[in-house]
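Given next are the chains, with one letter for each unit.
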Amino acid sequence: MNRIHAPEIEDYEWCPALWRNTLTDVLRASSEWLHLFDSAAGIAAEVLTGTSAARIVDLCSGSGGPAVALVDALERWHGIRVDAVLTDKYPNHAAFDRLERQRRRRIVGLREPIDATALPDHLVGLRTLFNALHHFRPPMARAIFAAAARARQPIASFEMVERSLQGVAIVGGAPLFAAAVMPFLSPRSWSRLALTYGLPLLPAMITWDGFASCLRAYSPDELRALVAGLEDEHYRFRVVTRRASWHRIRVTALIGEPC
């Protein structure tokens, strides 16, 4: 099936911050509790040791869960200690505040909106995206990697959503997962609970955006086509697919790095 850029509610400016932040908080919980991006640490370690990158610059961070898990995994499993800067077009201030308190400034969240295709010059390091690339149409997605190549900065996009029956089946469990984790998400609020168990708008939104993500997902061949022509003698791209931790979920990475 061809890629379909189906609408995701969280992408629209009119989407209430409560809805968007709840969705990204649920995604953070799923990535942390299920260790969905554990395999990203090995890939990131390869890129960091092969380049001069000394920190993580996370794009489209949402609530920051995968990037924070990556920082922890790099130190625990690979002996690589790096800090991380979290950025987003719609910064989740509450999540950034919480992470900064917990991590004592090893994690810094920028409060101003950041365009993933035009990072400020001072944001140097390994650029990462977790389950974010599918939000962009091909021209914009290509621009993100073109910007990294021009700046001679490494970049790695990690996607666990895929255009497959398995991907759709995983999303099918989203309403139950959202209902199960909602009481434990920080910050706790009656609004979240009411929109989950009273009028279940939040589970419905999370499920719809999950299905739309599957339709939007890029295949490995489409990722290669996305960056075709951006390589030169100083910069290269590669696509890597690995299993996510102990389960059958696949993580597909598009990696760009100076050489």
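Cut-offs used in this document
- Residues numbered from 1 in each chain as written.
- Predicted model: local features only at pLDDT ≥ 70, side-chain atom pairs only at ≥ 80, totals over all residues.
- Heavy atoms only, no water.
- Helix = DSSP H or I, 4+ residues; strand = E, 2+ residues; numbered from the N terminus.
- Rg over C-alpha atoms; globule rule 2.2 N^0.38 Å.
- Buried < 20%, exposed > 50% of the residue type's maximum accessible area, 1.4 Å probe, protein only.
- Contact = heavy atoms within 4.5 Å.
- Areas by Shrake-Rupley, 256 points an atom, 1.4 Å probe, with all protein chains shown as cover.
- Lys, Arg positive; Asp, Glu negative; His and termini not counted.
- Charge placed at Lys NZ, Arg CZ, Asp CG, Glu CD.
- Axes fitted to C-alpha atoms, helices over the stretch in contact; angles between N-to-C directions.
- Parallel < 35°, antiparallel > 145°, perpendicular 65-115°, else oblique.
- Left-handed = near helix turned anticlockwise from the far one by under 90°.
- Nonpolar A, V, L, I, M, F, W, Y, C, P; charged D, E, K, R; others polar.
- Polar contact = N/O pair within 3.5 Å; in protein donor to acceptor, adjacent residues only side chain to side chain.
- Salt bridge = Lys/Arg side-chain N within 4 Å of Asp/Glu carboxyl O.
- Pairing = 2+ DSSP bridges.
- Core = buried A, V, L, I, M, F, W, Y, C linked by side-chain atoms within 4.5 Å.

As annotated in an unreviewed UniProt entry, the protein chain carries the name Class I SAM-dependent methyltransferase and comes from Pendulispora rubella.

Enquirer: Where do I start with the overall build of the protein chain in this structure?
Expert: Within the protein chain, the secondary structure is distributed over 10 helices and seven strands. Relative to the globule expectation of 18 Å for 259 residues, the C-alpha radius of gyration of the protein chain, 17 Å, shows essentially globular dimensions. With the C-alpha coordinates aligned to their principal axes, the bounding extent of the protein chain is approximately 60 × 45 × 35 Å. Per-residue burial for the protein chain yields a buried fraction of 54% across its 259 residues. Nonlocal contacts in the protein chain, meaning residues at least 24 apart in sequence, comprise 76% of its contacts between residues at least 6 apart. Put simply, the protein chain shows about 11900 Å² of open surface, and 60% of that area lies on carbon and sulfur atoms. When the 30 basic and 27 acidic side-chain charges of the protein chain are each reduced to a single mean position, those positions are 3 Å apart.

Enquirer: What should I look at first to understand the packing of helix 7 (residues 174-181) against helix 9 (residues 201-216) in this one?
Expert: Packed helix pairs are characterised by how far apart their axes lie and by the angle those axes make with each other. Contact geometry of helix 7 with helix 9 gives a least axis separation of 9 Å together with a crossing angle of 135°. Considering their axes alone, helix 7 and helix 9 lie oblique with respect to each other. Crossing hand, helix 7 versus helix 9: right-handed. Across from Ala 174, Pro 175 and Ala 178 in helix 7, the residues of helix 9 making contact are Pro 203, Ile 206 and Thr 207. When grouped by side-chain class, the residues that make up the contact of helix 7 with helix 9 number five nonpolar, one polar and no charged.

Enquirer: It is not clear to me how the environment of Ser 213 should be interpreted in this structure. Could you clarify?
Expert: Examined against the element boundaries, Ser 213 turns out to sit in helix 9. Relative accessible area serves as the criterion here: at 7%, Ser 213 is assigned to the buried category. Filtering out sequence-adjacent residues up to four positions away, Ser 213 remains in contact with Glu 8, His 134 and Val 161. Within the structure, the side chain of Ser 213 is placed 3.0 Å from the side chain of His 134, a separation counted as a polar contact.

Enquirer: I'm lost on the pattern of salt bridges in this one. Help?
Expert: Pairing is possible between side chains of opposite charge, provided their charged atoms come close. This structure, assessed with the given rule, holds 18 salt bridges. Ionic pairing is found between Arg 216 and Glu 8, a salt bridge with its closest N-O pair at 3.2 Å. Residue Arg 216 is found in helix 9, and its partner Glu 8 is found in the segment before helix 1 (17-33); the two are separated by 208 residues along the sequence. Accessibility classification places Arg 216 together with Glu 8 in one group, the buried group. Ionic pairing is found between Arg 242 and Glu 46, a salt bridge with its closest N-O pair at 3.1 Å.

Enquirer: What is the right way to look at the sheet that holds strand 6 (residues 235-243) in this model?
Expert: Adjacent strands of a sheet form backbone hydrogen bonds with each other and so pair up, either parallel or antiparallel. Read across the sheet, seven strands follow the order 3-2-1-4-5-7-6 without closing on themselves; strand pairing throughout is mixed. Edge strands, defined here as strands with exactly one partner in the open sheet, are strand 3 (107-109) and strand 6. Taking the axes of each pair of neighbouring strands and ignoring which way they run, one obtains an average angle of 20° across the sheet. Where strand 2 (residues 83-86) and strand 3 come together, three bridges link them in parallel fashion. Paired with Val 85 across the two strands is Val 108, which belongs to strand 3. Helix 4 (residues 93-103) rests against strand 2 and strand 3 of the sheet, and its axis sits at about 160° to strand 3.

Enquirer: I'm lost on the nonpolar core in this one. Help?
Expert: Generally speaking, a soluble globular protein has its nonpolar side chains buried in company with each other. Core analysis: the largest hydrophobic core is formed by 34 residues, its most contacted members being Phe 37, Leu 48, Ile 56, Leu 74, Leu 126 and Phe 158. Only helix 2 (38-50), helix 3 (65-78), strand 2, helix 4, strand 4 (126-130), strand 5 (155-159) and strand 7 (250-258) provide two or more residues apiece to this core. Here Ile 56 is in contact with Leu 48, Leu 70, Val 71, Leu 74, Val 82, Asp 83, Ala 84, Val 85, Leu 126 and Thr 128, once residues within four sequence places are set aside.

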